[in-house]
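Commentary on secondary and tertiary structure
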Amino acid sequence: MTATPAPSRTLSAVWYGVGDLRLEERPVPALGPTGVLVEVRACGVCATDLHLLDGTIRFYDPPRVLGHEVGGVVRAIGASVRHVRPGDAVALDTSVPCGTCFHCREGAPFFCPDRTSVFAGFSERAVVPASVVFPLPPGVDAATGALAEPLSCALHAVERAALHPGDTVAILGAGAIGLLVLAVARLAGATRLIVSDPEPLRRTIAERLGATHTVDPVAQSPVDVVAQLTGGRGADCVFEAAGVQATVDEAVRLPRRGGTLVQVSVPGTGVTFALPAYDLFARELTIKGSFVRTTEFRRAVELLGVLDLVPLITERFPLGDVRAAFEAARGRRGVRVLVGPAAGS
Ligand SMILES: [Zn+2]
Ligand SMILES: [Zn+2]
């Protein structure tokens, strides 16, 4: 279906186990009737990728190509693909649920025990099933499509919180997820948005995205700031988006009586909630986890055409420097590190 033959090989970053990420030339699989060949323009490095590489969480077994925050351009389509055409800018939801298990039939595809993930992101190109390909709104750059996946997680978290227009929201951690939760919470009508993060750059970006108050938790307790701003009451909705023990400890102290806490970060396995049972009872807290998403991906793609998320993309690395990109993400440098062709190419 293409004018020029598509390349038959791809450079990919393959994860072989703890700390072992290798660049390899691999054949591009055959397209097939429902396949789409996508040239990757950008793939975000996420905390999940770092956890997988370090062996601190185990979603999949190696070897495999990592990278699930993917924006790209369609290069070729299989004979029965109708919803995209060559040249379209797209985002990929790289997860493929089985569709038939209990959780899939309950509309919770991320609980699917047979969920697989397509080999995609840290690669020059990939053949993926049409079902994972979402066309971007007009005018949205293909690389920005890499933000659709984390944005869908933020949408899910805000919907888990069931926040109301006029609510006061506190967000602990201004990495990509915290900042995307901020953008979505503002869109959902929260009027007071308090964001805590020790990194000055992240606080500045939070202000650009609409935070009404930012807190350096090293200098000031977010618990004190939220208390001051709410007459001692606490926040209506709290999002724990850093995943370390200190922020989890703060997060349980922040909701008002009857308030809600959503835990949206990917915490280390040793991080635990320490909450007196009496507190849960007397404060009538709602505490919810927010694990990836259900059906939010399509709406996240729509929102890429509305929200200005460019400030989140703080650094870009070519695929050949994928290890340096991982190190930059691990060092909390900036917000979202993207891997892909050099900017402008
Ligand atoms: Zn991610
Ligand atoms: Zn399933």
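Going by the structure above, here's the rest.
Residues numbered from 1 in each chain as written. Chains lettered and ligands numbered in written order. Predicted model: local features only at pLDDT ≥ 70, side-chain atom pairs only at ≥ 80, totals over all residues. Heavy atoms only, no water.

Here's the deal with the sheet that holds strand β16 (residues 286–289)
- Reading across from one edge, β13-β12-β11-β14-β15-β16 is the order of the six strands in this open sheet, with parallel pairing throughout. One side of each edge strand has no neighbouring strand; the edge strands of this open sheet are β13 (213–215) and β16. Taken pair by pair, the neighbouring strands of this sheet meet at an average axis angle of 15°, ignoring direction.
- Note that strand β14 (residues 235–240) and strand β15 (residues 255–263) share five bridges and pair parallel. Note that in β15 the partner of cysteine 237 across the bridge is threonine 260.
- Strands in contact with helix α6 (residues 222–229) are β11 (168–172), β12 (192–196), β13 and β14; relative to β12, the strand with the most contacts, it is inclined by about 165°. (Pairing = 2+ DSSP bridges. Helix = DSSP H or I, 4+ residues; strand = E, 2+ residues; numbered from the N terminus. Axes fitted to C-alpha atoms, helices over the stretch in contact; angles between N-to-C directions. Contact = heavy atoms within 4.5 Å.)

Quick word on the packing of aromatic side chains
- Scanning the model with the defined rule gives four aromatic pairs in all.
- Seen in terms of ring centroids, phenylalanine 111 and phenylalanine 291 are 6.3 Å apart; in terms of plane orientation they differ by 20°. Their pairing is stacked. Here phenylalanine 111 is found in the loop between α2 (102–105) and β8 (116–117), whereas its partner phenylalanine 291 is found in the loop between β16 and α9 (297–304), with 180 residues between them in sequence.
- Both rings, one in phenylalanine 122 and one in phenylalanine 326, keep their centres 5.5 Å apart while their planes meet at 65°; by these two values the pair is edge-to-face. Here phenylalanine 122, found in the loop between β8 and β9 (125–129), pairs with phenylalanine 326, found in helix α10 (residues 322–330); they are 204 residues apart in sequence, far enough to count as distant.
- Residue phenylalanine 122 is classed as buried on the basis of its relative accessible area of 0%.
- The exposure class of phenylalanine 326 is buried, given its relative accessible area of 1%.
- Positioned over the ring face of tyrosine 16 is arginine 22, at 3.8 Å from the centre of the ring. (Phe/Tyr/Trp six-rings, centres within 6.5 Å; stacked < 30°, edge-to-face > 60°. Buried < 20%, exposed > 50% of the residue type's maximum accessible area, 1.4 Å probe, protein only. Lys NZ or Arg CZ within 6 Å of the ring centre and 35° of its normal.)

Observations concerning α9
- Considered for burial, the residues of α9 that qualify are Phe297, Ala300, Val301, Leu303 and Leu304. For α9, the buried positions fall inside an angular range of 160° around the axis, keeping them on one side.
- In this structure, the buried residues of α9 make contact with β6 (89–92), β10 (133–135), α3 (148–161) and α4 (176–187). (Arc of directions from axis to C-beta.)

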